[in-house]
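Read off the chains here:
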Amino acid sequence: MGTRKQQAERTEAELKAAAVRVFARVGYLNTKITDITAEAGRATGSFYKHFTGKEKLLEALLADMLAEGDARAELPEHPTDFRDRAAVRWHVELYWGFYRENRAVMSALQQAAIVDEEFARRSREMLEPDLQHIAGHLAGLELPGDPMTAASLFTTTLSGAVAGWFEESEAGRDDETARIEALTTFLHRGMGG
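Structure report, in brief. As the structure is a prediction and not an experimental result, all values here were calculated from the model.

### Side note on the overall build of the protein chain
Okay, so step 1: If you tally the helices and strands in the protein chain, you get nine helices and zero strands.
Okay, so step 2: In sequence order, the secondary structure elements of the protein chain are arranged as α-α-α-α-α-α-α-α-α.
Okay, so step 3: By principal-axis analysis of the C-alpha atoms, the protein chain measures approximately 55 × 40 × 30 Å.
Okay, so step 4: Buried residues in the protein chain amount to 37% of all 193 residues.
Okay, so step 5: Here the analysis covers contacts within the protein chain between residues at least 6 apart in sequence; of these, 67% occur between residues at least 24 apart.
Okay, so step 6: When the accessible area of the protein chain is evaluated, it comes to approximately 10,400 Å², of which 54% is carbon and sulfur surface.

Listed below in structure tokens is the structure:
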């Protein structure tokens, strides 16, 4: 790989990492491109060599997260039958850790979707394969709707509960393991497991 290409990749990675740090401090909506470039120690013009705007940077971060999630879904211990409570728990615990690691970006995605319907639509399109993946795990259950509706209910409940716990945990509330167990039981029973 050429030196210029390596430098470009390094700059892009530094901008992404800087954006995550700034999002964590001030939130996506309050972040300016100049905040990101200052955090990365880069000129503002370097940002536009990699991203056309803050939304495109966030889409790139989402794509990175989805690739990471896909890699985790390929783990050999990945259980796929949600009739088994242990399979549901595996997914809940995996998502919990994933959210913890990507909390700033997850929050940024929610904020961006609230104010930009086009961004929300593109995000839904990018997340569609994950919904189909969960719908496949629900096969064999008596579902409260078609598999995609049930998968949407599953993922919305999971993401909302995890996000809520992290907001509450700032005050030291609740036990993480107990919450994972309760959420697992709720989802497993709710999906007819």
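Having seen the model, we can carry on.
### Describing the side chain of Arg122
Okay, so step 1: Relative to the helices and strands, Arg122 resides in helix H7 (residues 117-137).
Okay, so step 2: Those residues in contact with Arg122 that lie beyond four places of it in its chain are Glu55, Lys56 and Glu59.

### Looking at the packing of helix H1 (residues 3-26) against helix H4 (residues 54-73)
Okay, so step 1: Running from N to C, H1 and H4 cross one another at 100°; their axes reach a closest spacing of 11 Å. In terms of orientation, H1 and H4 fall into the roughly perpendicular class. Listed contacts from H4 to Leu15, Lys16, Ala19, Val20 and Phe23 of H1 are Leu57, Leu58, Ala60, Leu61 and Asp64.
Okay, so step 2: Each residue belonging to the contact of H1 with H4 can be placed in one class, and the counts come to eight nonpolar, no polar and two charged.

Parameters at a glance
- Residues numbered from 1 in each chain as written.
- Predicted model: local features only at pLDDT ≥ 70, side-chain atom pairs only at ≥ 80, totals over all residues.
- Heavy atoms only, no water.
- Helix = DSSP H or I, 4+ residues; strand = E, 2+ residues; numbered from the N terminus.
- Buried < 20%, exposed > 50% of the residue type's maximum accessible area, 1.4 Å probe, protein only.
- Contact = heavy atoms within 4.5 Å.
- Areas by Shrake-Rupley, 256 points an atom, 1.4 Å probe, with all protein chains shown as cover.
- Axes fitted to C-alpha atoms, helices over the stretch in contact; angles between N-to-C directions.
- Parallel < 35°, antiparallel > 145°, perpendicular 65-115°, else oblique.
- Nonpolar A, V, L, I, M, F, W, Y, C, P; charged D, E, K, R; others polar.

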